[in-house]
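# Survey of secondary and tertiary structure
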Amino acid sequence: MATFNYTVDTKPMAEEIKSVSRHVNVTTGAVVAMQTAVILAEEKAADHVCNNVNKGFYSLIRSQISQKMAKLQSDVDSHLMQLVQQKNALLSIKIRMQRDYNMIAGRYGKLFNGLNANLKQRVFALDKPTIDFAIKEVDKVSNRAKYLTATFPISQLESISLSQRIVSSNIKNRALNVINSMRSFLFEMNAQKKLTDQILINDNRYTGTATIYIPVVICECNRDKTDSKNFEVIISDAELDNFSKAAIQNTAYAEINQVEWLQKTTPNSEINSEFSKLISSSAKSQRVKDLAQQLFQSNNYQTI
């Protein structure tokens, strides 16, 4: 069998592979550099995105807080203005009330001072001699040393006798004034007692039987939804004691069942006049007054 030997030169291929290996190394270095750059770029982008997100979030929160602060500040300002207005209104009311109080107090002070002075004059006029004696004469008697004529401890006989006569005449004059005051007081007391006895009514003097006419109002009304009729007897308080009023009420309640009621369409002129006076003097509104007048005119009632 034939044998063939060939010699192949691998140097060019080795050089080419070497160049390829160099390019692969360069490519590897470029890839590594690119990967590093990509990582840095991603890191920068992530930092940029995070910073922008954080800045936006904080800006949003800050804007919301600022809006809430502005809203709350406006509410506080409005409430503060309202409170200041209410304070001013209360201060004006306080000043007006103080002015009214001072005016009313001054008015009533003058009124009561006038009443006190008038009552004092009337009380003094009721028993003038005693008041004059208690106010004027007692003071004079208490201060008699000031009013009596003084004498000198050393004087002549004629001056001593003359001063004694003056002192005795002064004492006699004052005693006469006291006696006249007492006489006037007793005389006025006696006259006042006679006048009082004539004015006052003695119960022992009037023991007879008399007939008087007392007006009595009998009302029949319904006070609840059961349609049960109730009777009321109203009696005047003038010139009647409790015993008389109780006796009249018992008699009226006993005679109620025998009373005959008659229908009456038009009210009495006096009742109409009194009702009109009550409506005109009332402080209610005109609508309430008109409605009350309409109900009164359209009412149908019965009399005995």
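Model, not experiment: these values are computed from the prediction.

### Some thoughts on the overall build of the protein chain
Secondary structure assignment for the protein chain yields seven helices and four strands. Going from N to C terminus, the protein chain has its helices and strands arranged as α-α-α-α-β-β-α-β-α-α-β. For the protein chain, restricting intrachain contacts to residue pairs at least 6 apart in sequence, the fraction spanning at least 24 positions comes to 42%. By element, 60% of the accessible surface of the protein chain is carried by carbon and sulfur atoms, the whole surface being about 27,100 Å².

### Section: the side chain of Lys289
The residue Lys289 is located in helix H7 (residues 286-297) in this model. Despite being buried, Lys289 has no salt bridge partner; Asp290 is the closest side chain of opposite charge, sitting 8.4 Å away. Contacts of Lys289, omitting those with residues within four sequence positions, involve Ile279, Ser280, Ser282 and Lys284.

### Digging into the environment of Lys264
Note on placement: Lys264 falls in strand S3 (residues 262-264). The exposure class assigned to Lys264 is partly exposed, which follows from its relative accessible area of 31%. As for Lys264 and Asn299, which are separated by 35 residues in sequence, their C-alpha atoms are 9.8 Å apart. When neighbours within four sequence positions are excluded, Lys264 is seen to be in contact with Tyr301, Gln302 and Thr303.

### Description of the layout of surface pockets
Within this model, the largest pocket holds a volume of roughly 410 Å³. Broken down by element, the lining of the largest pocket gets its largest block of residues, seven residues, from strand S1 (residues 216-222). Grouping the constituent residues of the lining of the largest pocket by class yields eight nonpolar, three polar and two charged.

### Some details on the confidence of the model for the protein chain
In this model, the protein chain carries a mean pLDDT of 79, and residues with pLDDT of at least 70 account for 86%. Across the protein chain, the secondary-structure element scoring lowest on mean pLDDT is helix H3 (residues 144-147), at 58, and the one scoring highest is helix H1 (residues 11-126), at 86.

### Thoughts on the packing of aromatic side chains
This model, assessed by the stated rule, comprises three aromatic pairs. An angle of 15° between the planes, with centres 4.2 Å apart, marks the rings of Phe275 and Phe296 as stacked. A residue pair is termed long-range when its members are at least 10 positions apart, and Phe275 in helix H6 (residues 269-281) and Phe296 in helix H7 qualify at 21 residues. For Phe275, a relative accessible area of 23% translates into the label partly exposed. A relative accessible area of 16% means that Phe296 is categorised as buried.

### Some points on the pattern of salt bridges
When the charged atoms of two side chains lie near each other, side chains of opposite charge can form a pair. Scanning the entire structure with this criterion turns up one salt bridge. The closest approach of N and O atoms between Lys71 and Asp75, which form a salt bridge, is 3.4 Å. Of this pair, Lys71 and Asp75 both sit in helix H1, four residues apart, which is roughly one turn of the helix. Exposure remark for Asp75: the relative accessible area of 29% places this residue in the partly exposed category.

### Topic: the packing of H6 against H7
The geometry of H6 relative to H7 is characterised by a closest axis approach of 10 Å and an angle of 165° between their N-to-C directions. Looking at the two axes, H6 sits roughly antiparallel to H7. At the point where H6 passes H7, the crossing takes the right-handed sense. Side by side, H6 and H7 meet where Ile271, Asn272, Phe275, Ser276, Ile279 and Ser280 of the first sit next to Lys289, Ala292, Gln293, Phe296 and Gln297 of the second. Residues that form the contact of H6 with H7 fall into these classes: five nonpolar, five polar and one charged.

### Points about a nonpolar patch on the surface
Residues Met103, Ile104, Tyr108, Leu111, Phe112, Leu115 and Leu119 make up a contiguous nonpolar surface patch of roughly 650 Å² in combined accessible area. Within the fold, Ile104 resides in helix H1.

Each value, and the rule that gives it
- Residues numbered from 1 in each chain as written.
- Predicted model: local features only at pLDDT ≥ 70, side-chain atom pairs only at ≥ 80, totals over all residues.
- Heavy atoms only, no water.
- Helix = DSSP H or I, 4+ residues; strand = E, 2+ residues; numbered from the N terminus.
- Contact = heavy atoms within 4.5 Å.
- Areas by Shrake-Rupley, 256 points an atom, 1.4 Å probe, with all protein chains shown as cover.
- Buried < 20%, exposed > 50% of the residue type's maximum accessible area, 1.4 Å probe, protein only.
- Lys, Arg positive; Asp, Glu negative; His and termini not counted.
- Salt bridge = Lys/Arg side-chain N within 4 Å of Asp/Glu carboxyl O.
- 1 Å grid on protein atoms, 1.4 Å probe; cavity = no way out; pocket = protein on both sides within 12 Å on 5 of 7 lines; lining within 4 Å.
- Points joined across faces, edges and corners; volume = space filled by probe spheres on them.
- Nonpolar A, V, L, I, M, F, W, Y, C, P; charged D, E, K, R; others polar.
- pLDDT = per-residue confidence, 0-100.
- Phe/Tyr/Trp six-rings, centres within 6.5 Å; stacked < 30°, edge-to-face > 60°.
- Axes fitted to C-alpha atoms, helices over the stretch in contact; angles between N-to-C directions.
- Parallel < 35°, antiparallel > 145°, perpendicular 65-115°, else oblique.
- Left-handed = near helix turned anticlockwise from the far one by under 90°.
- Patch = residues over 30% accessible without salt bridge, like charges linked within 9 Å, V, L, I, M, F, W, Y side chains within 5 Å.

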